[in-house]
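Results of the structural survey
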Amino acid sequence: MNKKHYRKRNHILKISLLFLIVLLAAILYRTCQLNAESPGTTIKTILTELSNHTTTDSSENWELLLVNRTHKIPAHYSVTLTELSNGKKVGQRIYPSLQQMFDDARAAGLSLFVREGYRTAEDQQQIMDERITKYENQGYSKTEATKLAEEYVAIPGTSEHQLGLSVDINADTTKCSSEKVYQWLDENAWKYGFIKRYPSDKTDITGISNEPWHYRYVGKDAAKTMKEENLCLEEYLEQYKK
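One structure accompanies this document, and this report is about it. Residue numbering note: each chain is counted from 1, following its sequence as written. Local features in this predicted model are restricted to residues whose pLDDT is 70 or higher, and side-chain atom pairs enter the listing and the counts only when it is 80 or higher, whereas totals over whole chains, interfaces and linings include all residues. Here the side-chain values reflect all heavy atoms present in the structure, with hydrogen atoms and water set aside.

**Regarding the overall build of the protein chain**
- Regarding its fold elements, the protein chain presents nine helices and eight strands.
- Classification of the 242 residues of the protein chain by burial places 38% in the buried group.
- If you take every contact in the protein chain between residues at least 6 apart in sequence, the share linking residues at least 24 apart comes to 61%.
- Entry remark: accessible area of the protein chain is about 14,300 Å², with carbon and sulfur atoms responsible for 52%. A run of DSSP states H or I qualifies as a helix once it reaches four residues; a run of E qualifies as a strand once it reaches two. Both are numbered from the N-terminal end. Exposure classes here rest on a 1.4 Å probe applied to the protein chains alone. A residue is buried below 20% of its type maximum, exposed above 50%, and partly exposed in between. Every residue pair with non-hydrogen atoms within 4.5 Å of one another is taken to be in contact. For the area figures, the Shrake-Rupley method with a 1.4 Å probe applies, and any residue is considered shielded solely by the protein chains shown.

**Description of the packing of helix H4 (residues 121-137) against helix H5 (residues 142-149)**
- Relative orientation of the contacting elements H4 and H5 amounts to 125 degrees, with a least axis distance of 8 Å. It follows that H4 is oblique to H5 by the angle criterion. Note that H4 runs across H5; the crossing there is right-handed. Here Met 128, Arg 131, Ile 132, Tyr 135 and Glu 136 of H4 lie close against H5, whose contacting residues are Lys 142, Ala 145, Thr 146, Leu 148 and Ala 149.
- Here the nonpolar group is Ala, Val, Leu, Ile, Met, Phe, Trp, Tyr, Cys and Pro; Asp, Glu, Lys and Arg are the charged ones; every other residue, Gly included, is treated as polar. A per-class count over the contact of H4 with H5 returns six nonpolar, one polar and three charged. In this analysis, axes come from line fits to C-alpha atoms, helices being fitted only over the stretch in contact, and the angle between any two N-to-C directions falls in the range 0 to 180 degrees. Every angle not falling under 35 degrees, over 145, or within 65 to 115 is termed oblique; those three ranges are roughly parallel, roughly antiparallel and roughly perpendicular. The crossing is said to be left-handed when, going from far helix to near helix, the turn is anticlockwise and less than a right angle, and right-handed when the turn is clockwise.

**So, the sheet that holds strand E7 (residues 194-198)**
- One open sheet accounts for four strands, arranged E5-E6-E8-E7; its pairing is antiparallel. The open sheet is flanked by strand E5 (112-116) and E7, the only strands paired with a single partner. Recorded for the sheet is a direction-independent mean angle of 45 degrees between the axes of neighbouring strands.
- As defined by bridge partners, E7 adjoins strand E8 (residues 211-217) across four bridges and the pair is classed as antiparallel. Within E8, the residue paired with Ile 195 across the bridge is Arg 216.
- Across the sheet, helix H6 (residues 178-188) is in contact with E5, strand E6 (166-171), E7 and E8; its angle to E6 comes to roughly 140 degrees. When DSSP finds at least two bridges between two strands, those strands are taken to pair.

Pasting the structure below:
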């Protein structure tokens, strides 16, 4: 083996060793961090977390940006917001479609409003913390409370509300029932490019329990296909965006 080849191989080995040291340090740090929150967390748990959690590719069409338990919001993601009359905010790009949908729903005799729109990461963390505390006050351990909370609240960094593309829509129950609003949305939202993001029959795929109030903008073409074929966003992307 000549000296040049030896030096090259030695350089590669040093880089590989440095990478392993950094990775191990990160794993140990995360283990200590999670153990402080949930005693009993193992390195195996962290390795599973690291292998399963990816960052969403922001090169996708913005309407179809996938964010869920295993796809984080890109670090450089940004959204321009429009403020609604009640102070809530949504992404500027979805506002015209959302406004048209609300105008038509009201013309049909419904009274509805956006209860929740865009959230910051801090907002999402606060909601998660409050839900965990609620379960802890019911006698659950920290680990149990966290697991229960994550069935209903998206982990910060994986919430669609942080995209500005999703809204929680409620009824003014002094004027009409929630059931009528949810039924109208279920039947008509696709026409405006919105889908019911977390339906009851897709919980095993989305990882989120049934939320008849949570609607996500995906664009009219995708929404039409998803409605006709009863697909959630994950299924649609798997079948049509390979």
